[in-house]
Amino acid sequence: MRRLLLLAALAAVSCGARAPKEETMVHLSNRVFALAEEQTVYMDSLLMAKMPGQAGHDGGVNVMAGPDRPSRDWLCPRTFQGDTLVTSDIGWWTSGFYPGVLWQMYSLTGKESFHDLAVKHTLPLAGLLDRETDHDIGFQLMCSFAQWVRYAYSHKHEMNVLSYDEIDGILTKGAEKLAARFIPEAGIIRSWNWGAWNIPVIIDNMMNLELLMEYGDREVAEKHALTTARNHFRDDGTTFHLVDYADDGTVLGRQTVQGYADDSAWARGQAWALYGYAMMAREEQDPEIGHPDLARTFNDIAFKLAEWILPRLPEDGVPYWDFSQSDYRDASAGAIIAAGLLDLWRNDPDRDPEKKLVAAAERILRTLASPEYLAEPRTNGGFLLKHSVGNIPGHSEVDVPLTYADYYFLEALRNYRWIEKTE
Ligand code: GLY
């Protein structure tokens, strides 16, 4: 018997020795941040090589477009296909994410070179104020100019390019442009300027409300969020992609554009809803200007959706592009869900004492940081993540890197470290 016990103990010890030790989240995030330092600078070099009229410049701030300079030729990274960095102009909805990634890198490293790179890629977006824009001005300005304010302030950086007042002016004007899209009779902000719909509103629009909550008319944002809460959601807590409204607010139709079917759950749409309502609840928890009743309503919506999402994620946590499908994964939806779950947990930790939301976010982040998803240095067009999906029904951006996947991946990793106090 003693011999048997000894053998069992030895077996346990040797199994223990063989079991691979799980990488700590501190090590994992440091590994990703180090890669991001290299990739973001590499991406800048690829962009500069493509930029019209920019050949041979020194990459300094002074030669860049900005409030007084034309920004129509400015190129923003969008994806990488074949061996080509695919870019957009500043008008495309994703133009703020690379500046946003650069501001996160400045925040992480405190390096002056990242400050200058971030400024360089942020300034051209001021050109949006002179253009016809759509609801995405929220994404575009919050990821770029609002991050500038945030991180210049936290690092006490001298405001030697634009003053706080000038940046505030840009964000305020952007918020006015967004608020001008509000249709009071319908209680909703119009999303797109195109298409055959009367007033198309997509769930993604929830994300743009942060610009109004921080720099504009909070009441407009609240009305939009409440109308969306009434009309976009199904009984199970999931959301449709698009709702079309009559001028008086009557719902004309509910459908998908980027998901598999009208009644399926498009993964990124669920991610925008989760993050968007968690963000609105956080805003309403502001002790001075928030509304606790609205905070509860918005947290409830996000929690209900999280409860639907969590058991339906694949084992490794990264969703397929639509919850009804099992072909392509969407790393962007995974990153946004991870960031949204962490934000939601922070809003009301007592509601999830076992930290199930945090554990689910960790599972997603671990998978995204694995070789299956994380790029090798100086590959992937300078993007961090592989395997995202833009628009399968539109035959566009299938199984590619996407700039917003990287932005929310970094944000989620930073929030995770903050929650677990592992800085
Ligand atoms: N906001 C557009 C998208 O998520 O594809």
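Everything here concerns the structure above.
This text gives an overview of the structure that appears in the document. Keep in mind it's a predicted model, so treat the numbers as computed, not measured.

Another aspect to go through is the side chain of His-224. In this fold, His-224 is placed in helix 9 (residues 218–231). With relative accessibility at 1%, the residue His-224 sits in the buried group. Contact partners of His-224, with chain neighbours within four places excluded, come to Gly-187, Ile-188, Ile-189, Val-201, Asn-205, Met-206 and Leu-209.

Further remarks concern the sheet that holds strand 5 (residues 199–202). Taken together, three strands build an open sheet; the order of strands is 5-6-7 and the sheet is antiparallel. The two strands at the open ends of the sheet, each matched to only one other strand, are strand 5 and strand 7 (251–255). If you compare each strand with its neighbour and ignore which way they point, the axes differ by 20 degrees on average. Pairing analysis gives four bridges linking strand 5 to strand 6 (residues 242–245), with the strands arranged antiparallel. Residue Val-201 lies in a different strand from strand 6, and its bridge partner there is Val-243.

Core analysis: the largest hydrophobic core is formed by 129 residues, its most contacted members being Phe-145, Tyr-408 and Phe-409. With sequence-adjacent residues up to four places away left out, Phe-409 is seen in contact with Val-32, Ala-335, Leu-365, Leu-368, Ala-369, Leu-374, Leu-384 and Leu-385. By size, the runner-up hydrophobic cluster in this structure holds seven residues, among which are Ile-183, Ile-199, Val-201 and Tyr-245.

In the structure shown here, the tally under the stated rule is two cavities of 30 Å³ or more. Volume-wise, the largest cavity comes out at about 70 Å³. Around the largest cavity sit Thr-40, Met-43, Tyr-98, Val-101, Gly-382, Phe-383, Leu-384, Thr-403 and Asp-406, which together line it. Those elements that provide at least two residues to the lining of the largest cavity are helix 2 (25–50), helix 3 (97–109) and helix 14 (403–419). Taken as a whole, the second largest cavity holds about 30 Å³ of empty space. Lining the second largest cavity, in full, are Arg-234, Thr-239, Phe-240, His-241, Thr-256, Ala-261, Asp-262, Ser-264, Trp-266 and Gln-270. In the lining of the second largest cavity, the residues fall into three nonpolar, five polar and two charged.

Let us now look at the site of the ligand. With respect to spatial proximity, the complete set of residues near the ligand consists of Trp-93, Asp-204, Gln-258, Trp-266, Arg-268 and Trp-272. A distance of 2.7 Å separates a nitrogen atom of the ligand from a polar atom in the side chain of Asp-204. If the ligand stood free it would expose 190 Å²; the protein chains cover 92% of that surface. The site holding the ligand turns out to be the second largest pocket.

All right, on to unusual backbone geometry then. Residues other than glycine seldom take positive phi values, yet Asn-380 does so here, at roughly 65 degrees. If you trace the backbone, Asn-380 turns up in the loop between helix 13 (356–368) and strand 8 (388–391). Residue classification places Asn-380 among the buried residues on the basis of a relative accessible area of 11%. A positive phi angle, near 55 degrees, is found at Glu-397, a position not held by glycine. In this structure, Glu-397 sits in strand 9 (residues 396–400). Judged by relative accessible area, which is 9%, Glu-397 ranks as buried.

Let us look at the packing of aromatic side chains. In this structure the tally under the stated criterion is 24 aromatic pairs. Seen from their ring centres, Phe-233 and Tyr-277 are 5.6 Å apart, and the 70 degrees between their planes marks the pair as edge-to-face. One end of the pair, Phe-233, is in the loop between helix 9 and strand 6; the other, Tyr-277, is in helix 10 (residues 267–284), with 44 residues separating them in the sequence. Under the relative-accessibility criterion, Phe-233 is labelled buried at 17%. A residue is classified by how much of its surface remains accessible, and Tyr-277, at 0% relative accessible area, is buried. With centroids separated by 5.0 Å and ring planes inclined at 85 degrees, the aromatic side chains of Tyr-407 and Tyr-408 adopt a geometry described as edge-to-face. Side by side, Tyr-407 and Tyr-408 carry an identical accessibility label, which is buried. Among the aromatic side chains, those forming a connected cluster through ring pairs are Trp-93, Phe-97, Phe-139, Trp-272, Tyr-275, Tyr-404, Tyr-407 and Tyr-408. Geometry around Phe-240 places Arg-234 over its ring, the cationic atom sitting 4.1 Å from the centre. Lying across the ring of Tyr-320, Arg-329 places its NZ or CZ 4.5 Å from the centre.

Scoring rules and cut-offs
Residues numbered from 1 in each chain as written. Predicted model: local features only at pLDDT ≥ 70, side-chain atom pairs only at ≥ 80, totals over all residues. Heavy atoms only, no water. Helix = DSSP H or I, 4+ residues; strand = E, 2+ residues; numbered from the N terminus. Buried < 20%, exposed > 50% of the residue type's maximum accessible area, 1.4 Å probe, protein only. Contact = heavy atoms within 4.5 Å. Pairing = 2+ DSSP bridges. Axes fitted to C-alpha atoms, helices over the stretch in contact; angles between N-to-C directions. Core = buried A, V, L, I, M, F, W, Y, C linked by side-chain atoms within 4.5 Å. 1 Å grid on protein atoms, 1.4 Å probe; cavity = no way out; pocket = protein on both sides within 12 Å on 5 of 7 lines; lining within 4 Å. Points joined across faces, edges and corners; volume = space filled by probe spheres on them. Nonpolar A, V, L, I, M, F, W, Y, C, P; charged D, E, K, R; others polar. Near = heavy atom within 4 Å. Polar contact = N/O pair within 3.5 Å; in protein donor to acceptor, adjacent residues only side chain to side chain. Areas by Shrake-Rupley, 256 points an atom, 1.4 Å probe, with all protein chains shown as cover. Sits in = over half its atoms within 2 Å of the grid points. Phe/Tyr/Trp six-rings, centres within 6.5 Å; stacked < 30°, edge-to-face > 60°. Lys NZ or Arg CZ within 6 Å of the ring centre and 35° of its normal.

That is the geometry; function is a separate question.
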